Amino acid sequence: LYKYTNNSVLDLFDSLNYTQTTINNPSLTPTAKTFHEIDQSLTKTLTSNQSTIDQIITKFNEVTQNQLNYFQYHGDLSNDEVIFITFGSIESELFATTVKSLPDTKNIGVLNIRIPIPFNQNQFIENLPSTTKKIIIIIDNNNNNNNNILSKQINATLFYHAKIDNINVSQYNYDSDFIWSQ
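Here, residues in each chain are numbered from 1, in the same order as that chain's written sequence. Reporting in this predicted model follows two pLDDT cut-offs: at least 70 for local features of residues, and 80 or more for side-chain atom pairs to be given and counted; totals over whole chains, interfaces and linings ignore these cut-offs and use all residues. Note: side-chain values were computed over all heavy atoms of the structure, leaving out hydrogens and water.

Engineer: Please set out helix H4 (residues 89-101) residue by residue, giving values where relevant.
Structural biologist: For H4, spanning 13 residues, the distance from its first C-alpha to its last is 18 Å, which sits close to the expected 18 Å at 1.5 Å a residue. Only protein chains enter the area calculation, which uses a 1.4 Å probe; residues under 20% of their type maximum are buried, those over 50% are exposed, and those in between are partly exposed. To qualify as a helix, a DSSP run of H or I must reach at least 4 residues; to qualify as a strand, a run of E must reach at least 2; elements of each kind are numbered from the N terminus. Within H4, burial applies to Glu91, Ser92, Phe95, Ala96 and Val99. Each buried residue of H4 lies within a common arc of 115° when the element is viewed along its axis, so the set occupies one face. Exposed and oriented more than 90 degrees from the buried face of H4 are Ile90, Thr97, Lys100 and Ser101. Throughout, a residue-residue contact means that at least one pair of heavy atoms, one from each residue, lies within 4.5 Å. On its buried face, H4 is in contact with strand S1 (71-74), strand S2 (82-86), strand S3 (108-113), strand S4 (134-140) and strand S5 (168-174). In this scheme, a helix's expected span is set at 1.5 Å multiplied by one less than its residue total. Working definition: the arc comes from the directions between the helix axis and the C-beta atoms, pointing outward to the latter.

Structure follows, in structure tokens:
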């Protein structure tokens, strides 16, 4: 993303662990098996520093046969009422795994933020169930300044889309040394 935009994007691709799962994905097209080959495929169709983030994501997904996006939802989009919003690889994986293990009757979902900057308000709303009553934003205290911006973006998005009065928004702050499991 950084290479093909005006260097104004923050990508939460969750470092090498997730990158390796993308690159080693058996569904990759035969021409895109390494970073270099993916870069070459993107370079053929994208103009450096002038492509939009949406164009880059679309082309990356075509080349790798993946579905990377601004957000990733886990749960039932047609029925969930309580939505946890996570930002970060550990939190995203733990909450997604937990929600997947719950019975469908719990009406709990997780919205992982994958690309936080620029914050895509329309896609946020598209990935939020219409049945949402409560949002809980999971925030790392040591990264509170960045997450505070994220909380403001989420609240502003709900306000601009006339959903702020219908959804209770809260946050859970944790310390970076918090142990999520034992």
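Next comes the rest of the write-up.
Engineer: Outline the environment of Gln153, listing residues and values.
Structural biologist: When you line up the elements, Gln153 lands in helix H6 (residues 144-160). Residues Gln153 and Gln121, 32 residues apart in the sequence, show an inter-C-alpha distance of 8.1 Å. The residues touching Gln153, leaving out its near neighbours within four places in the chain, are Phe119 and Gln121.

Read these as layout, nothing more, since geometry by itself doesn't imply function.
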